[in-house]
Amino acid sequence: MSNEFNWDKAVTEWQSHQPDMPALKKNMQWLALRMKLVLALDVISLMVLFPFTYFIFLSEEALSIKVWFSVACVFAAVGVYFDFYLRKDLWEQPATTKDMFMHLIKRAKAGIRLARFAMVYMSIFLIYLLGWSGYVALYEAVRLEKTGAVLSLVTAATMIIFSIAIAFWYRKRKEQQLVQAEKNYQEFMES
């Protein structure tokens, strides 16, 4: 009996290893459910924002508030549209191992596109918030004297900046996942 390690046998076993398909499918189902929940939250947010904006228009609020909510509705609708559009390749569930690897690549690419969109989208929204705040400070300064008005604007700007930072981190994470997914797919195809 020899104690020598058989490299050829080890390589053959490693290359013939098949991924745990039930576990991967379960993970894919969870990711699909999470995606659908995010999209449902987007739609519910629109369904709340539009009637709220309608009631703002019926009220005696200043024109600047009505403009704010009108533009916010447009921003929200554009955001929801692109959230659906950028995820369009992810609706179908993979059936084979090869499809699973391809789906992971698609997910990573979609994540990168979503993160890039989020960074641009939130940056534009931040500029809009700062511009609107500047207008209110110059022409409707009495609004900023209300309790919590300045705190609300600072909190909103901080949350937007935090969202941009998260999108940047998410893009980096998805870029790493894309590299790994492409490497895994290449190894699978070669074996």
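See the structure printed just above.
Residues numbered from 1 in each chain as written. Predicted model: local features only at pLDDT ≥ 70, side-chain atom pairs only at ≥ 80, totals over all residues. Heavy atoms only, no water.

1. Section: helix 3 (residues 63-85)
At step 1: Its 23 residues give helix 3 an end-to-end C-alpha distance of 33 Å, which sits within 8% of 33 Å, the value for a rise of 1.5 Å per residue.
At step 2: Burial in helix 3 covers these residues: Ser64, Ile65, Lys66, Trp68, Phe69, Ala72, Cys73, Phe75, Ala76, Gly79, Val80 and Asp83. (Helix = DSSP H or I, 4+ residues; strand = E, 2+ residues; numbered from the N terminus. Expected span 1.5 Å × (residues − 1). Buried < 20%, exposed > 50% of the residue type's maximum accessible area, 1.4 Å probe, protein only.)

2. Looking at the pattern of salt bridges
At step 1: Enumeration over the complete set of coordinates arrives at 5 salt bridges.
At step 2: Here Glu140 makes a salt bridge to Arg143, at a shortest N to O gap of 2.9 Å.
At step 3: Its relative accessible area of 15% is what places Glu140 among the buried residues.
At step 4: Each of Glu61, Glu140 and Arg143 takes part in a single network of salt bridges with overlapping partners. (Salt bridge = Lys/Arg side-chain N within 4 Å of Asp/Glu carboxyl O.)

3. Points about helix 6 (residues 149-190)
At step 1: Taking 1.5 Å per residue, 42 residues should reach 62 Å; helix 6 reaches 61 Å between its end C-alpha atoms and fits that length.
At step 2: Ala149, Leu153, Ala157, Ile160, Ile164, Ala167, Arg171, Lys174, Leu178, Ala181 and Tyr185 are the residues of helix 6 that are buried.
At step 3: Among the structural elements, helix 4 (97-139) and helix 5 (141-144) are those in contact with the buried residues of helix 6. (Contact = heavy atoms within 4.5 Å.)

4. Observations regarding the packing of aromatic side chains
At step 1: Under the defined criterion, the tally for this structure stands at 16 aromatic pairs.
At step 2: Note on Trp68 and Phe125: the rings are 5.7 Å apart at their centroids and 50° apart in plane angle, and the pair reads as tilted. Here the residue Trp68 occupies a position in helix 3, and Phe125 occupies one in helix 4, the gap between them amounting to 57 residues. Residues Trp68 and Phe125 agree in their burial class; the two are buried. (Phe/Tyr/Trp six-rings, centres within 6.5 Å; stacked < 30°, edge-to-face > 60°.)

5. A word on the layout of surface pockets
At step 1: Considered as a void within the structure, the largest pocket measures approximately 1200 Å³ in volume.
At step 2: Secondary structure elements with two or more residues in the lining of the largest pocket: helix 2 (21-58), helix 3, helix 4 and helix 6.
At step 3: Tallying contributions element by element places helix 4 first for the lining of the largest pocket, with 10 residues. (1 Å grid on protein atoms, 1.4 Å probe; cavity = no way out; pocket = protein on both sides within 12 Å on 5 of 7 lines; lining within 4 Å. Points joined across faces, edges and corners; volume = space filled by probe spheres on them.)

6. With respect to the packing of helix 3 against helix 4
At step 1: Viewed as axis vectors pointing N to C, helix 3 and helix 4 meet at an angle of 180°, and their least axial separation amounts to 12 Å. Of the possible angle classes, the one that applies to helix 3 and helix 4 is roughly antiparallel. Side by side, helix 3 and helix 4 meet where Ser64, Ile65, Val67, Trp68, Val71, Phe75, Ala76, Val78, Gly79, Phe82 and Asp83 of the first sit next to Leu114, Phe117, Tyr121, Ile124, Phe125, Tyr128, Leu129, Trp132 and Tyr135 of the second.
At step 2: Across the contact of helix 3 with helix 4, the residue classes break down as 17 nonpolar, 2 polar and 1 charged. (Axes fitted to C-alpha atoms, helices over the stretch in contact; angles between N-to-C directions. Parallel < 35°, antiparallel > 145°, perpendicular 65-115°, else oblique. Nonpolar A, V, L, I, M, F, W, Y, C, P; charged D, E, K, R; others polar.)

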